[in-house]
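The chain contents come next:
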Amino acid sequence: MSETQIKAKSKFNFEQCLKCSICTVYCPVSAVEPNYPGPKQSGPDNERYRIKGSEFFDEALKLCLNCKRCEVACPEHVNVGDLIQKARKDYSHYRPSLRDKMLASTDFVGTMAHTFAPLTNFALSLGITKTVLDGVMKIDKHRQFPAYSFQTFEQWYKKHAKEQEQYKKHVSYFHGCYANYNFPQLSKDLVKILNACGIGVRLLEKEKCCGVAMIANGMYNSAKSQGELNINSMRKAVKRGEPVLTTSSTCTFTMRDEYPHLLEIDNAEVRDSLTLATRWLYQQIEAGKLKLAFRKDYHKRMAYHTACHMERMGWAIYSTGMLRMIPGVELIMLDSQCCGIAGTYGFKKENYERSQAIGAPLFKQIHELNPDFVACDCETCKWQIEMSTGYEVKNPISILAEALDVEATRKLNA
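Residues numbered from 1 in each chain as written. Predicted model: local features only at pLDDT ≥ 70, side-chain atom pairs only at ≥ 80, totals over all residues. Heavy atoms only, no water.

### Points about the sheet that holds strand β8 (residues 393-394)
Spatially, β6-β5-β7-β8 is the arrangement adopted by the 4 strands of the open sheet, whose pairing is parallel. The open sheet is flanked by β6 (329-333) and β8, the only strands paired with a single partner. Strand direction decides the pairing type here: strand β7 (residues 373-375) and β8, joined by 2 bridges, are parallel. Opposite Ala375, over in β8, you have Lys394 as the bridge partner. The strands touched by helix α18 (residues 316-324) within the sheet are β5 (300-304), β6 and β7, with β6 carrying the most contacts at an inclination of about 155°. (Pairing = 2+ DSSP bridges. Helix = DSSP H or I, 4+ residues; strand = E, 2+ residues; numbered from the N terminus. Contact = heavy atoms within 4.5 Å. Axes fitted to C-alpha atoms, helices over the stretch in contact; angles between N-to-C directions.)

### A few points about the pattern of salt bridges
What the rule picks out here adds up to 26 salt bridges. A salt bridge links Glu269 to Arg235; the shortest N-O distance between them is 3.2 Å. In this pair, Glu269 sits in the loop between α15 (249-262) and β4 (274-276) while Arg235 sits in helix α14 (residues 220-239), placing the two residues 34 residues apart along the sequence. When the shortest N-O distance is used, the salt bridge between Arg301 and Glu330 registers 3.6 Å. Linking Arg301 in strand β5 with Glu330 in strand β6, this pair joins segments that are 29 residues apart in sequence. With relative accessibility at 43%, the residue Glu330 sits in the partly exposed group. One salt-bridge network, held together by shared partners, links Lys68, Glu71, Asp82, Glu258 and Arg312. (Salt bridge = Lys/Arg side-chain N within 4 Å of Asp/Glu carboxyl O. Buried < 20%, exposed > 50% of the residue type's maximum accessible area, 1.4 Å probe, protein only.)

In structure tokens, the structure reads:
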């Protein structure tokens, strides 16, 4: 390997590894899978060999969830997860299967599925469909698919775009696949909150999936193409002086942190303006620029699950801070644990049992606490927890919208 390539590898800081193994202790995969080498060996240890020759790459790295908990735990701030993902990108001989491509092509599948939503949802709920998908596509038959909405958020927004332009202040919104195809109500809830604050919502000029599923399934070129389109659209919004808000912790983390590290996309112009909606709202309220009023009759006992990428960004404090502003809320923090689904990882037949084993302690705690519902900023965590526990999971934005006193909030921000 050339000196230039070695320097490029050094940006992940692997030379600072103390070999303390705390990353392995916190790794959810290492706890249930003896065949996984663990983050220390897969990351810093083997990187010293990989820079000498690709023959030292181990395909067992595909067992990594990319949850980033190793990076949260590392006392020397080594980018352990990035090292593992970059190694998979540079050295793996595995090529995405038809299943992998279908799971990763969220815009294509979402467009097809929502068009025939009632039929799609019915078909995906049938045992025979799950059996066929299990046998032919190797998508585990026990996995439940999220429902699709017949009307997407983008379709709804087109009917209300003129209303949004009437506001004097605006934000731009990256809605993502889930809040467009599966649960548009989340996007509508954000619009409801911001409109009550006297702020209009604009969509990006163009938007594609953030690419996290493509990265996970080895479709790096497609992920980069979509990522560049997203960042170019965000640049236009930022030049207008608008922050770019999101409602998914995973989309946010991918575009802020994985675009430059794994896809070599320069997002420097937009990174500071790209943020989770709860974080932006919290900061605006703390600065005295916005005020929210809540219903007096809203009383809920909820448990908050910190999604892995939310943990990596360190932003759970903003979502929980917003929820604690609601007078009638009793908020319980769940232990910081991975739910095990990791996007498309938990849908795959070869990963299903491991996925459920990883999430088992979390599921047990939720059952013991017996909350009214669970709060979480990640949609795939929502699917996993709802399927595995039977408890409803709500995004903090939807909870805020549910508890909001719209008229009182308008008066406060007039």
